[in-house]
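Structural features, examined
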Amino acid sequence: MTKVMLAGAGARARVGRSVRRLARGHIAMFRTSLVALVATLLPALALAPAHAADAPAGRSASRFVQDPYPSTYRRIPSPPVLIQGATVLTGTGTRLDDADVLMRDGAIVAVGPRLEAPADAIRVDGRGKWVTPGLIDVHSHLGVYPSPGVSAHSDGNEATSPTTPNVWAEHSLWPQDPGFDTALAGGVTSLQILPGSANLIGGRGVTVKNVRSTSYQGMKFPGAPWGLKMACGENPKRVYGERGGPSTRMANVAGYRAAFIDATEYLRKNRPKAPAAQKRHWWQSDAAPKDSNNDSGGKRDLKMDTLAGAINGDILVHIHCYRADEMQTMIDLAKEFGFKIAAFHHGVEAYKIADRLAAEGICGALWADWWGFKMEAFDGIQENILMVDRPQNGCAIVHSDSEEGIQRLNQEAAKVMAQGARIGMPVPPERAVRWITANPAKSMGILDKTGTLEPGKMADVVLWNGNPFSVYAHAEQVYIDGARVYDRNDASRQPVSDFMLGQTVQGGVR
């Protein structure tokens, strides 16, 4: 009996030891799996924004486009509005005569003949008048080079280094710039504010709605992607030629490449790493691979955040570039590092490569007739926009780069139409209006929200007193998200900057 009991006790002991060994094995396996899981997830979590749920739809959740200064824009409440009996240019290539436009709750509800409207709708007589989408300027420095033009207001170029992708134009933007009001009187409802062109890489631009606000965040277009401003040619080498360079075009290109090489390494260091295959103890973790500087990564770099966002496609690249050869070099640079060029700005020689721009899906943001003010601008022609617009998928834009030109974007487009008629390339209004509405919206990444008069889009609308491409045309009423924010015949709907209060203005353009 005793032997049997002892034998049973020994068996139980052996079983107990086996169970404990098995348990220790399972715990070790669990710890190893847990460490591998954490090693996999931590880098990904490090890239997530603090408020990933706040990221705009369709945008990456990476930290490169996290916005710690988000838009606080809120549309102005307005009853429904029905504009009746006007000639309507929808921005989609369509012209509708004797048509109505119905706006409600900040959006376009319908466009067409004899629309029904709610009983509380404001009815606007559009007979003899024209309606277009709100005008959009893709290249503006309002707010960062505001009026009056004094050194204290010069906040558009961070001319301390050839590459400053860490700066954001929005942090220089002064919302009281009187230029916003004069642009509104010209029918401009949205605009992209860019850094200047002193630098190879000048920093992020910001897209705003042209509304009154005490902060730039109150103007910031909800969900609009940032633009990255770059510049090639004469400006960077002129500014930095005697300050350490670049002083040549070849050094310009070397500067872009060096910056994007750093950015690709930064992306690699911050990319989630796969768990190591070799067996390790549970308390050990994988060491991050060393780069050429023995830097294991992890430290945040504001310059690299912007360039990484551009490579990932979350930040749209806009390049100040005049000559055809340099534009093609920049296209090759984009291919080398995997980013996409949204538009070339100024581009007086864009007509020479119009087919390639169309094939690459790159817009040309151009002037109607500015040329010859420096060597790289010497070979401009008045048919430039026509040539860029002509190929299938061509994307021509009329831009301003001017606090005065932004007031007359419609007349700048009319110059191009007149030149087309002169050389036997007539352009109808329904096509030309896209140069100042849909095409800039496309290049800025906001075409899904504005730029055309389509149901569901923001009700950004201009009522003109006649054909908007006439020299006699005036924006009579301007609506932003369905609210009448400007009325030429109603002084209470003509915003005035706080900076202009108490000032007597004589002469000049207002």
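Above this text is the structure in question.
The sections below set out a description of the structure shown in this document. (Residues numbered from 1 in each chain as written. Predicted model: local features only at pLDDT ≥ 70, side-chain atom pairs only at ≥ 80, totals over all residues. Heavy atoms only, no water.)

1. Thoughts on helix 9 (residues 409-422)
Side chains of residues three or four places apart in an α-helix project in the same direction, reflecting 3.6 residues per turn. The end-to-end C-alpha distance of helix 9 is 20 Å, a good match for the 20 Å that 14 residues give at a rise of 1.5 Å each. Buried-residue contacts for helix 9 involve strand 6 (135-140), strand 7 (188-193), helix 8 (384-389), strand 13 (396-398), helix 10 (429-432) and strand 14 (461-464). Directly after helix 9, the chain includes Gly-424, whose backbone phi takes a positive value near 85 degrees. (Helix = DSSP H or I, 4+ residues; strand = E, 2+ residues; numbered from the N terminus. Expected span 1.5 Å × (residues − 1). Contact = heavy atoms within 4.5 Å.)

2. Let's talk about the packing of aromatic side chains
The relative placement of two aromatic rings is captured by the distance of their centres and the angle of their planes. For the coordinates displayed, the defined rule picks out 10 aromatic pairs. For the pair Phe-64 and Tyr-266, a centre-to-centre distance of 6.0 Å together with 50 degrees between the ring planes defines the contact as tilted. Here Phe-64, found in the loop between helix 1 (2-47) and strand 1 (81-89), pairs with Tyr-266, found in helix 4 (residues 249-269); they are 202 residues apart in sequence, far enough to count as distant. The burial state of Phe-64 is the same as that of Tyr-266; both residues are buried. Summarising the aromatic geometry, the rings of Tyr-322 and Phe-373 are spaced 6.1 Å apart at their centres and angled 75 degrees between planes, so their arrangement reads as edge-to-face. (Phe/Tyr/Trp six-rings, centres within 6.5 Å; stacked < 30°, edge-to-face > 60°. Buried < 20%, exposed > 50% of the residue type's maximum accessible area, 1.4 Å probe, protein only.)

3. Quick look at the side chain of Glu-376
By the secondary structure assignment, Glu-376 is in the loop between strand 12 (363-366) and helix 8. Judged by its relative accessible area of 1%, Glu-376 is buried. Here Arg-249 takes part through its side chain, which lies 3.3 Å from a polar atom of the side chain of Glu-376. Glu-376 has contacts with Cys-232, Gly-233, Glu-234, Asn-235, Arg-249, His-320, Tyr-322, Arg-323, Glu-326, Val-348 and Glu-349, leaving out every residue within four places of it along the chain. (Polar contact = N/O pair within 3.5 Å; in protein donor to acceptor, adjacent residues only side chain to side chain.)

4. Topic: the side chain of Glu-234
Along the chain, Glu-234 turns up in helix 3 (residues 234-240). Here Glu-234 sits buried without a salt bridge, and the closest side chain of opposite charge, Arg-249, lies 4.4 Å off (N-O distance). Here the side chain of Glu-234 touches Glu-376 through a polar contact of 2.8 Å, landing on its backbone nitrogen. Among residues more than four places away in sequence, those in contact with Glu-234 are Arg-249, Lys-374, Met-375 and Glu-376. (Lys, Arg positive; Asp, Glu negative; His and termini not counted. Salt bridge = Lys/Arg side-chain N within 4 Å of Asp/Glu carboxyl O.)

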